[in-house]
Amino acid sequence: MTENFVDLLANGDIEEFNRVVHSEGCDLTECDFQGLEIADADFSNLDISGCNFSETSLENVNFENCDLSTTIFSRANISNCSFIGANLNGTSFSNAQVTYCDFTDSDLSGCDFIETDLSDSDMSLALNMNKCRFDKFTVFPVAYPLTA
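Residues numbered from 1 in each chain as written. Predicted model: local features only at pLDDT ≥ 70, side-chain atom pairs only at ≥ 80, totals over all residues. Heavy atoms only, no water.

1. Considerations on the nonpolar core
Counting residues in hydrophobic clusters, the biggest one holds 44 residues, and the most contacted among them are Phe43, Phe63, Phe83 and Phe93. Counting residues per element, the ones that place at least two in this core are α1 (2-10) and α2 (14-21). Leaving out residues up to four positions away in the same chain, phenylalanine 93 has contacts with Phe73, Ile78, Phe83, Leu88, Val98, Phe103, Cys111, Asp112, Phe113 and Thr116. (Core = buried A, V, L, I, M, F, W, Y, C linked by side-chain atoms within 4.5 Å. Buried < 20%, exposed > 50% of the residue type's maximum accessible area, 1.4 Å probe, protein only. Helix = DSSP H or I, 4+ residues; strand = E, 2+ residues; numbered from the N terminus. Contact = heavy atoms within 4.5 Å.)

If you want it as structure tokens, here you go:
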């Protein structure tokens, strides 16, 4: 059944995808969305933990209040997405471009932001940023509070 969700996205049928995934009983855990171009999809309030969004282009995607724990966004291009209230525990954004995204009230415990461009994203009210992994190549948002 998970192949059907991926096929809907791959074929650009966003309206049908949004309708189907919000019906009862949809399981999107550990889906492989690698390499897809996804715009305007609504994953809000879903458990999509363990999914693979590596090398995926995500624009205007709603991840509000999602369980995204242990999800992989490595080498993804993520723009204008909402992660408000999301559980991102153990999620990898390594080598990703993450711009104009909102992380308000999201739990970033154990997130990997190695070599990640977070420019113009709002992380000012994100939770547990002190438990993230960054490196010297991480590009922080201009408003990022650098004090401990």
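Past the structure itself, the notes keep going.
2. Thoughts on the pattern of salt bridges
Tallying each qualifying case throughout the model produces 3 salt bridges. Note that arginine 19 is salt-bridged to glutamate 16, the shortest N-O span being 2.6 Å. In this pair, arginine 19 and glutamate 16 are both assigned in helix α2, 3 residues apart and thus about one turn of the helix distant. Overall, the relative accessible area of 53% leaves arginine 19 in the exposed class. (Salt bridge = Lys/Arg side-chain N within 4 Å of Asp/Glu carboxyl O.)

3. Topic: the sheet that holds strand β3 (residues 77-79)
Pairing is parallel in the open sheet, where 4 strands are placed in the order β1-β2-β3-β4. Each having just a single partner strand, β1 (37-39) and β4 (97-99) make up the two edges of the open sheet. Taken pair by pair, the neighbouring strands of this sheet meet at an average axis angle of 5 degrees, ignoring direction. Where β3 meets β4, 3 bridges bridge the pair, whose relative direction is parallel. Residue pairing for β4: isoleucine 78 is matched across the bridge by valine 98. (Pairing = 2+ DSSP bridges. Axes fitted to C-alpha atoms, helices over the stretch in contact; angles between N-to-C directions.)

4. Observations concerning the packing of aromatic side chains
Counted under the stated rule, the structure contains 17 aromatic pairs. With a centroid separation of 4.7 Å and an interplanar angle of 20 degrees, the aromatic rings of phenylalanine 33 and phenylalanine 53 are classed as stacked. Of the two residues, phenylalanine 33 sits in the loop between α2 and β1 while phenylalanine 53 sits in the loop between β1 and β2 (57-59), which places them 20 residues apart along the sequence. Residue classification places phenylalanine 33 among the buried residues on the basis of a relative accessible area of 0%. Residues phenylalanine 73 and phenylalanine 93 carry aromatic rings whose centres are separated by 4.9 Å and whose planes lie at 5 degrees to one another, so their mutual orientation is stacked. With phenylalanine 73 in the loop between β2 and β3 and phenylalanine 93 in the loop between β3 and β4, the pair connects residues that are 20 residues apart, well separated along the chain. In this structure phenylalanine 73 comes out as buried when scored by relative accessible area, which is 0%. (Phe/Tyr/Trp six-rings, centres within 6.5 Å; stacked < 30°, edge-to-face > 60°.)

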